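Observations on the three-dimensional arrangement
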Amino acid sequence: MYQEFGINKELELMADEAEIEIKKEFEKIDKNCTKNSLKVLKAFQSNKISDMHFNQTTGYGYGDVGRDTIEKIFAEVLNAEDALVRNQFISGTHALTVTLFGILRPGDIMLSISGKPYDTLDTVIGIEENKSSLKSFNINFEEIDLINDNFDTEKILERVSKKDIKLIEIQRSRGYATRRSINIEKIENIIKEIRKVNKDVIIMVDNCYGEFVEEKEPIEAGADIMVGSLIKNLGGGIASNGAYIAGRKDLVELCAERLTSPGQGKEVGPSLGANKSFLQGMYMAPITVSSALKTAVFTAKMMEKLGYKAVPSSNEKRADIVQTIEFGNPEDLIRYCQGIQMGSAIDSNSIPEPWDMPGYTDKVIMAAGAFTMGSSIELSCDAPIREPYIAFQQGGLTYEYGKLGVLKAIQNMLEAK
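The present account deals with the structure reproduced in this document. (Residues numbered from 1 in each chain as written. Predicted model: local features only at pLDDT ≥ 70, side-chain atom pairs only at ≥ 80, totals over all residues. Heavy atoms only, no water.)

Description of the overall build of the protein
Assigned secondary structure in the protein consists of eleven helices and twelve strands. What you see for the protein is a C-alpha radius of gyration of 21 Å, in line with the 22 Å of a compact globule of 417 residues. By principal-axis analysis of the C-alpha atoms, the protein measures approximately 65 × 50 × 40 Å. Considering only contacts within the protein whose residues lie at least 6 apart along the sequence, 70% involve residues at least 24 apart. The averaged location of the 61 negative side-chain charges in the protein is 4 Å from the averaged location of its 49 positive side-chain charges. (Helix = DSSP H or I, 4+ residues; strand = E, 2+ residues; numbered from the N terminus. Rg over C-alpha atoms; globule rule 2.2 N^0.38 Å. Contact = heavy atoms within 4.5 Å. Lys, Arg positive; Asp, Glu negative; His and termini not counted. Charge placed at Lys NZ, Arg CZ, Asp CG, Glu CD.)

With respect to the packing of aromatic side chains
By the definition in use, this model includes eight aromatic pairs. The interplanar angle of 45 degrees and the centroid separation of 5.9 Å between the aromatic rings of phenylalanine 74 and tyrosine 244 together place this pair among those described as tilted. Here phenylalanine 74, found in helix α3 (residues 65-77), pairs with tyrosine 244, found in strand β7 (residues 243-247); they are 170 residues apart in sequence, far enough to count as distant. Accessibility classification places phenylalanine 74 together with tyrosine 244 in one group, the buried group. (Phe/Tyr/Trp six-rings, centres within 6.5 Å; stacked < 30°, edge-to-face > 60°. Buried < 20%, exposed > 50% of the residue type's maximum accessible area, 1.4 Å probe, protein only.)

Section: the pairing of strand β9 (residues 323-326)
Where strand β8 (residues 309-311) meets β9, three bridges bridge the pair, whose relative direction is antiparallel. By the bridge assignment, valine 311 is partnered in β9 with threonine 324. (Pairing = 2+ DSSP bridges.)

Regarding unusual backbone geometry
The amide bond that connects valine 311 to the next residue, proline 312, takes the cis arrangement and shows omega of -5 degrees. Here proline 312 shows up in the loop between β8 and β9. Here the residue pair glutamate 387 and proline 388 is connected by a cis peptide bond, since its omega of 5 degrees sits within 30 degrees of zero. Mapped onto the secondary structure, proline 388 falls in the loop between β11 (380-384) and β12 (390-394). Within the chain, lysine 48 stands out as a residue other than glycine whose phi angle is a positive 55 degrees. With respect to the element layout, lysine 48 can be found in the loop between α2 (23-46) and α3. We classify lysine 48 as exposed; its relative accessible area is 66%. At aspartate 149, a residue that is not glycine, the phi angle is positive and equals roughly 70 degrees. Structurally, aspartate 149 can be placed in the loop between β3 (140-143) and α6 (153-160). The exposure class of aspartate 149 is partly exposed, given its relative accessible area of 22%.

Let's talk about the sheet that holds β12
Taking strand neighbours across the sheet as the criterion, the five strands line up as β8-β9-β12-β11-β10 in an open arrangement whose pairing is antiparallel. Pairing within the sheet leaves two strands with one partner each, and these edge strands are β8 and β10 (364-368). Strand-to-strand twist across the sheet, computed as the mean angle between neighbouring axes with direction ignored, equals 20 degrees. Direction of pairing for β9 relative to β12: antiparallel, over a ladder of four bridges. Its bridge partner being in β12, isoleucine 325 is matched across the sheet by alanine 391. Where helix α10 (residues 330-342) meets the sheet, its contacts fall on β9, β10, β11 and β12, and the angle it forms with β10 comes to roughly 25 degrees. (Axes fitted to C-alpha atoms, helices over the stretch in contact; angles between N-to-C directions.)

Right, here's the structure in full:
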């Protein structure tokens, strides 16, 4: 059957060998999955979820019991005071934008301590000129780069101790940067140090790709507010759109009033049939994230065997579901991404090509045979076409489908050599 799928016997045997070598890593992932499943199940039961919570509202969305209860579940699972979980959010970038504009005011300073944020925030912040950016509202931005994938603690504390910073942003995932993603332990340690010199600064974590990868979430590590997308981890591959903001109640309310309008905040916003998918997505999220992590570990092991640099490595502690592969040349990179598309259930006959994607400075190739457009919890692989030609792979609704997609990608790449 592998050969009928276009995967040769040699690659099949290599995969069998790889799975034996990564068995212990899979066991760690399974244990963490059980712990996160317990969190979710407890939240569902304590909030007495029933069929009535699947009902939808239209129009203004007044009195949407399902929507309000979903937000209680997210808050409980993430150990936050409150949460805003809405299908009105278009993307993770939109939720981050709402958070920044909701909290910051003219004259405020935002400081990123994990280097430059993800590319799509360039125009939001004003790194790239835009008449609707934070910069256009006289909100200033500063950044402090990581040093060898670690926070520059000395520089951060020196800057934050001046107490003119309103908000600190930490991006947990690497985006299209070459650095490693940041685990919860590092986030918790830097927050403790910051609090020693500045108790009032607001600490925000972009948690995209990071939910349920570790036992703790950013709020438990001391962050004030966190943001993520529902077509990534917490949507479980079922939510078809949406995002969340969770954290301090006062901050969540500011964000809600930015999303809707002052004075209405969380009280409005119709669910439009999204409640069931949001609930079912959260319910499935622990096992879906587990599958994505297993797919990433398998990918790393296979690419290591073939002589490519994989980050994280196959036995390294992970902070998110993203797996990167450094190809060193555009040909292998493009062939691999095209192979991921060939190994998908949706649009497997399509051949992705690099293109000028809005919000990005380099041409980008994006492979995603997904049921939900742009979903990153489903197996996908994308990359800016720039040196050192790194592919960013994420997702896998089940490990089995993820494994097959990766093998197809490797086969497609090797056939061109």
